[in-house]
Amino acid sequence: MLAIKVREAVEEDAPMVVQLMEDSLSPYYGGDHRAHARRILATHLSGGRDQIGHFSFEQKIFIADLDGVAIGMINVVGKRQDTYKISPLIVAPEYRSGYGVGSSLLAFAENYAQSHGARQMYCTVAESNDSAFSFFVRKGYV
């Protein structure tokens, strides 16, 4: 297991966040993933208060860090009715499967949500994204 540290995203993480979202989401979803990444990061950096999302009140991005190198991210969205959504969780391709990066990010996000009164945490996964689907099922998501 790697010595992975999970921390809040900072401005210097922007290129990695934008590139990870573009590369990882484009095969499954349409839309401007670069603009979306910049919006959620800007929201996080300005205190997390989501001024645009109609059903969300908070955007938080956490980074998996290995010896000062960002190797993954998770965006956690505080929603109405005390729920939190994972949107998205992405690990750099060279650190996927077997390193514990995704598990570390998910555990951190679950603890964050629980400490903020969440009664439920959920995510959505593209039907054709078999690896993400099986990851969340293994972690107990339905």
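Placed above this text is the structure.
Residues numbered from 1 in each chain as written. Predicted model: local features only at pLDDT ≥ 70, side-chain atom pairs only at ≥ 80, totals over all residues. Heavy atoms only, no water.

**Focus: the overall build of the chain**
- A count of helices and strands for the chain gives four helices and five strands.
- Ordered by position in the sequence, the α and β elements of the chain form the string β-α-α-β-β-β-α-β-α.
- In terms of overall dimensions, the chain is globule-like: its C-alpha atoms have a radius of gyration of 14 Å, near the 14 Å expected for 142 residues.
- Structurally, the chain occupies a C-alpha span of about 35 × 35 × 30 Å along its principal axes.
- Restricting the contact set of the chain to residue pairs at least 6 apart, pairs at least 24 apart contribute 54%.
- Computed over 14 positive and 16 negative side-chain charges, the inter-centroid distance for the chain is 6 Å. (Helix = DSSP H or I, 4+ residues; strand = E, 2+ residues; numbered from the N terminus. Rg over C-alpha atoms; globule rule 2.2 N^0.38 Å. Contact = heavy atoms within 4.5 Å. Lys, Arg positive; Asp, Glu negative; His and termini not counted. Charge placed at Lys NZ, Arg CZ, Asp CG, Glu CD.)

**Considering the packing of aromatic side chains**
- Tallied over the full model, the rule gives seven aromatic pairs.
- Ring plane angle 85° and centroid distance 6.2 Å describe the contact between Y84 and Y112, whose orientation is recorded as edge-to-face. Remark: Y112 occurs in helix α3 (residues 101-115) and Y84 occurs in strand β4 (residues 83-91); sequence separation between them is 28 residues. For the pair Y84 and Y112, one class covers both residues: buried.
- Both rings, one in F135 and one in F136, keep their centres 5.1 Å apart while their planes meet at 80°; by these two values the pair is edge-to-face. The residues F135 and F136 share a single accessibility class, namely buried. (Phe/Tyr/Trp six-rings, centres within 6.5 Å; stacked < 30°, edge-to-face > 60°. Buried < 20%, exposed > 50% of the residue type's maximum accessible area, 1.4 Å probe, protein only.)

**Observations regarding the sheet that holds strand β2 (residues 56-66)**
- The mixed open sheet is built from five strands, whose spatial order is β1-β2-β3-β4-β5. Two strands lie at the open edges of the sheet, namely β1 (5-8) and β5 (120-123), each paired on one side alone. Pairwise comparison of adjacent strand axes, ignoring direction, gives a mean angle of 30° for this sheet.
- Where β2 meets strand β3 (residues 69-79), 10 bridges bridge the pair, whose relative direction is antiparallel. Note that in β3 the partner of Q59 across the bridge is V77. (Pairing = 2+ DSSP bridges. Axes fitted to C-alpha atoms, helices over the stretch in contact; angles between N-to-C directions.)

**Some words on the pairing of β4**
- For β4, the tally of buried residues reaches eight of nine residues, placing the bulk of the element in the interior.
- The hairpin turn running from β3 into β4, its antiparallel successor, is three residues long, and Q81 in that turn takes a positive phi close to 60°.
- The sheet contact formed by β4 and β5 spans four bridges and is parallel. From the neighbouring strand, T83 faces β5, where its bridge partner is Q120.

**Observations concerning unusual backbone geometry**
- Cis peptide bonds are those with omega within 30 degrees of zero, and the linkage from S87 to P88 qualifies with 0°.
- Tracing the backbone through its elements, the reader meets P88 in strand β4.
- A positive phi angle, near 60°, is found at Q81, a position not held by glycine.
- Position of Q81 relative to the elements: it lies in the loop between β3 and β4.
- Although it is not a glycine, D82 sits at a positive phi angle of roughly 60°.
- As for its placement among the helices and strands, D82 is situated in the loop between β3 and β4.
- For D82, a relative accessible area of 46% corresponds to the partly exposed category.

Any functional reading would require information beyond the geometric quantities listed.
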